[in-house]
Amino acid sequence: MTSPSLFSGFLAILQRDLLLAWRRRGDAAMPVLYAMIVAILFPFALGPDHQLLARVSGGIVLVTVLLAMLLALDNLFRSDLEDGVLAQMVLAPQSLSFLMAARILAYWLVTACPLLIAGPILGYMLGLPAQAQPVLFLALVLSSALLALLGSMLAALTAGTRRSGMLLSLMLLPLIVPVVIFAAGAVSAVEQGLPWIAPLAWLSATLALTLVLAPVACATALRITLDA
Amino acid sequence: MNAFKTWFHKLGSPPFFYEFAGYLRPWLWVGTVVFAIAGLIGGLLLAPPDYQQGDAYRIIFIHVPSAWMSLFIYGVMAISGLVALVWRIKLAEIIAMESAPIGAAFTFITLVTGSLWGKPMWGTYWTWDARLTSELVLLFIYLGIIGLYHAFENERQGARAAAFLIIVGVVNLPIVHYSVVWWNTLHQGTTVRIFAPSSISLSMLWPILAMMIATKLYYGVSLLGRARIAVLERERGKDWVRQIVTEGTKNA
Amino acid sequence: MSHFSTDARTLVEAHALAFSRRDEPILRPLDFHLEAGELSFVEGDNGSGKTTLLNILAGLLRPSSGEVRISGYPPGTDGARAETRLLGHQLGLKGDLSARENLRVSVGLYGCRKGMTADLCLTEVGLRGFEDEPVRSLSAGQKKRVALAALNLGNARLWLLDEPFANLDRTGIDLVNIMLDRHLQRGGAALVTTHGAVSFRQEEPRKLRLNL
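Residues numbered from 1 in each chain as written. Chains lettered and ligands numbered in written order. Predicted model: local features only at pLDDT ≥ 70, side-chain atom pairs only at ≥ 80, totals over all residues. Heavy atoms only, no water.

With that settled, consider the sheet that holds strand E4 (residues 65-70) of chain C. All names here are of chain C. With antiparallel pairing, three strands are arranged side by side in an open sheet as E2-E1-E4. In the strand order of this sheet, the two ends are held by strand E2 (24-35) and E4, each with one partner. With direction set aside, neighbouring strand axes in the sheet form an average angle of 15 degrees. Sheet analysis places strand E1 (residues 10-21) next to E2, joined by eight bridges and oriented antiparallel. Each residue of the ladder has a partner; that of Thr10, found in E2, is Glu35. (Pairing = 2+ DSSP bridges. Helix = DSSP H or I, 4+ residues; strand = E, 2+ residues; numbered from the N terminus. Axes fitted to C-alpha atoms, helices over the stretch in contact; angles between N-to-C directions.)

Next up on the list: the side chain of Arg16 of chain A. Relative to the assigned elements, Arg16 of chain A resides in helix H1 (residues 6-23). The exposure class of Arg16 of chain A is buried, given its relative accessible area of 3%. Dropping the residues within four chain positions of it, Arg16 of chain A is found in contact with Asp80, Val85, Met89 and Arg103 of chain A together with Lys94, Leu97 and Val105 of chain C. (Buried < 20%, exposed > 50% of the residue type's maximum accessible area, 1.4 Å probe, protein only. Contact = heavy atoms within 4.5 Å.)

With 95% of its residues at a pLDDT of at least 70, chain B reaches an overall mean of 89. For chain B, per-element mean pLDDT is lowest for helix H7 (residues 172-182) of chain B, which scores 81, and highest for helix H3 (residues 60-87) of chain B, which scores 95. (pLDDT = per-residue confidence, 0-100.)

Attention shifts here to the layout of surface pockets. In this structure, the largest pocket spans a volume of roughly 1,300 Å³. If you go around the largest pocket, you meet 37 residues; those closest to its centre are Leu175, Pro178 and Thr206 of chain A together with Val171 and Ile175 of chain B. Those elements giving two or more residues to the lining of the largest pocket turn out to be helix H8 (133-158), helix H9 (164-191) and helix H10 (197-226) of chain A together with helix H5 (130-150), helix H6 (155-169) and H7 of chain B. When residues of the lining of the largest pocket are assigned to their parent elements, the largest contribution, nine residues, is made by H10 of chain A. Quantified by volume, the second largest pocket comes out at close to 1,000 Å³. (1 Å grid on protein atoms, 1.4 Å probe; cavity = no way out; pocket = protein on both sides within 12 Å on 5 of 7 lines; lining within 4 Å. Points joined across faces, edges and corners; volume = space filled by probe spheres on them.)

Bringing the pattern of salt bridges into the picture now. Scanning all chains against the criterion turns up 24 salt bridges over all chains. Salt-bridge contacts for Glu235 of chain B lead to Lys90 of chain B; the nearest nitrogen and oxygen are separated by 3.0 Å. Here the residue Glu235 of chain B occupies a position in the loop between helix H8 (202-234) and helix H9 (239-251), and Lys90 of chain B occupies one in helix H4 (residues 90-122), the gap between them amounting to 145 residues. A relative accessible area of 4% places Glu235 of chain B in the buried class. The partner of Arg226 of chain B in a salt bridge is Glu98 of chain B, and the shortest N-O contact between them spans 3.2 Å. With Arg226 of chain B in helix H8 and Glu98 of chain B in helix H4, the pair connects residues that are 128 residues apart, well separated along the chain. It is possible to trace a salt-bridge network through shared partners that takes in Arg16, Asp17, Asp80, Asp83 and Arg103 of chain A together with Lys94 of chain C. (Salt bridge = Lys/Arg side-chain N within 4 Å of Asp/Glu carboxyl O.)

What follows is about the interface of chain B and chain C. Opposite the nine residues of chain B that make contact, chain C presents four residues. A combined buried area of about 500 Å² lies between chain B and chain C, and 27% of that area is made up of carbon and sulfur atoms. Taken together, chain B and chain C are joined by zero salt bridges. Where chain B meets chain C, there are zero residue pairs in polar contact (both at pLDDT 80 or more). For the side of chain B that touches chain C, the per-class residue count stands at one nonpolar, one polar and seven charged. (Buried area = accessible area lost by both parts, 1.4 Å probe. Polar contact = N/O pair within 3.5 Å; in protein donor to acceptor, adjacent residues only side chain to side chain. Nonpolar A, V, L, I, M, F, W, Y, C, P; charged D, E, K, R; others polar.)

A separate point is the environment of His150 of chain B. Residues and elements named next belong to chain B. Secondary-structure assignment places His150 in helix H5. Residue His150 is classed as exposed on the basis of its relative accessible area, which comes to 58%. Through-space distance from the C-alpha of His150 to that of Met97 is 9.8 Å; in sequence the pair is 53 residues apart.

Counting from both sides, the interface comprises 33 residues of chain A and, opposite them, 30 residues of chain C. For the pairing of chain A and chain C, the buried interface totals around 2,700 Å² over both sides, and the portion due to carbon and sulfur atoms is 54%. Our count for the contact surface shared by chain A and chain C stands at four salt bridges. A salt bridge links Asp83 of chain A to Lys94 of chain C; the shortest N-O distance between them is 3.2 Å. Counting the contacts that link chain A with chain C gives 17 residue pairs in polar contact (both at pLDDT 80 or more). Taken together, the elements giving at least two residues each to the side of chain A that touches chain C come down to H1, helix H5 (78-82) and helix H6 (85-91) of chain A. Looking at which element gives the most residues to the side of chain A that touches chain C, the answer is H1 of chain A, with nine residues.

In structure tokens form, the structure reads like this:
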């Protein structure tokens, strides 16, 4: 008899989630489309002032990417809860935190990676200065990872409730404000020719901490959701 | 000490809490009114005008106690929420959940009074500096907690989920408090300190302290009142609740 | 706790186990135990707490009072989870994945009994030829069989089965009985709920009547 190893569960969930996303690749394309639509509306809303657009382009790309990720967040655990798969994961002789880490990683890979490609393109279209592009990309990587980790923890809490989309955004806002502040701070610093590494360093440090804590918090939140 | 421990444990029992809270509330009301009157007279009439701001500063006697309460209540909710999550004590759930609207109200008052004060002092009703932003974020945290609690049909499960959110949001508390230290902000620094001499004149300090005590006592009044109602609602199938209700309708 | 048996054969032991929701009793205080090789049949009307009992034993719900041990461990802890497998009303299958893919996840989470493969299990439950169909295109009975195959693939000693005979035809019911038989012979135990009258292959299994 072979007992499941620590990694077999992690890989099984990761593989499963990627396979599911591939089977429904139409749904997986939604966040990118959403980000594009929202970002493209801004030039129309703000007028053709190129200098203004260039100044705010970094912030616009950041916010639209994070909003787009939020779209997919609500359903992160909902379908697994409804078909009993969540219960099976909780009951498996595995560390639930580790399984959750796989789930979060899959969510980030499926939702954030296309956005990481779309982001710089949108930035270019909005007139983002060329020297800001690498910093924007780094900022997007860090902030999308943080949103995935923090958001999944909150999505686990609301998975069983109705009308949870709005509530999830409300709950997430306080946690995401500092992330946006630091990420945007780095982009505007590089645009002004100032040192930009400090805000990104802060984000990285927070990410390191959250990488460890969020899967555990996510597992705890799931147990609360399943225990009526 | 043992008698105190026993009494404290008894407090966790809904019927005992209901009676005790009902007994305590009128006294808290008296205290609130006394300290509030003292504080308001001291602040609005007795304290001299500020050498820089004139009489406009007097809103401080509402603003500062409210701000302190917005943080203090969250602290109470965090401890109570932790107890509710770990030991699943009903009363801890009730205290955490019923404190949330009170805390949200104080936060709102802080933001509004601060905004009204900002106009004469800084020339603007709002600015996105660290302290104002973090206090606004605190309001959203409160609203999120209230929303999450009410999203559940099973109120015990809802309280546990909301308690988890409270603990996650605790990280915002030091951010609000130390925002004036860590960042360059428009907001003034800490003037009232607990462990060191405060940098504010005594005639202005004592009304603030009186109002702080008044708002704390008011929190007690409000919380105990809400908690009693919540206890009756949750335990509505029990005999002791039935007794209270029938006696109440007899006397009405 | 000193009043729990230390016999390795005892898989489930419960004392005064009760559950209420919002102070409404769903499960009255219950005492029972289950040893390796035993089958216990949980009878009760709808709403009598059968599913609740299984969820408590699995570790999903915390009992309102009383104590229970799975193989000496509290339910939900690592030791208990290693021994337990739950088959609930919701089958725990993803509709977009095929039967084989679902079983692969199951093996990753729960491990695999020596010598068993996913294809072998699927053939045993009569789903040969359906291994690659997305599960959502299968009938209710076929979905149930996939879930049973997943159960068979694992190596947990204690099976908690919530209405395993639901949605199955006569062949399916026989299949469940055969699986239970073999499981008990391997030294496993099972707690089975059903609200219909179903015959078992074994001699009279122990009955646990939940009266409410």
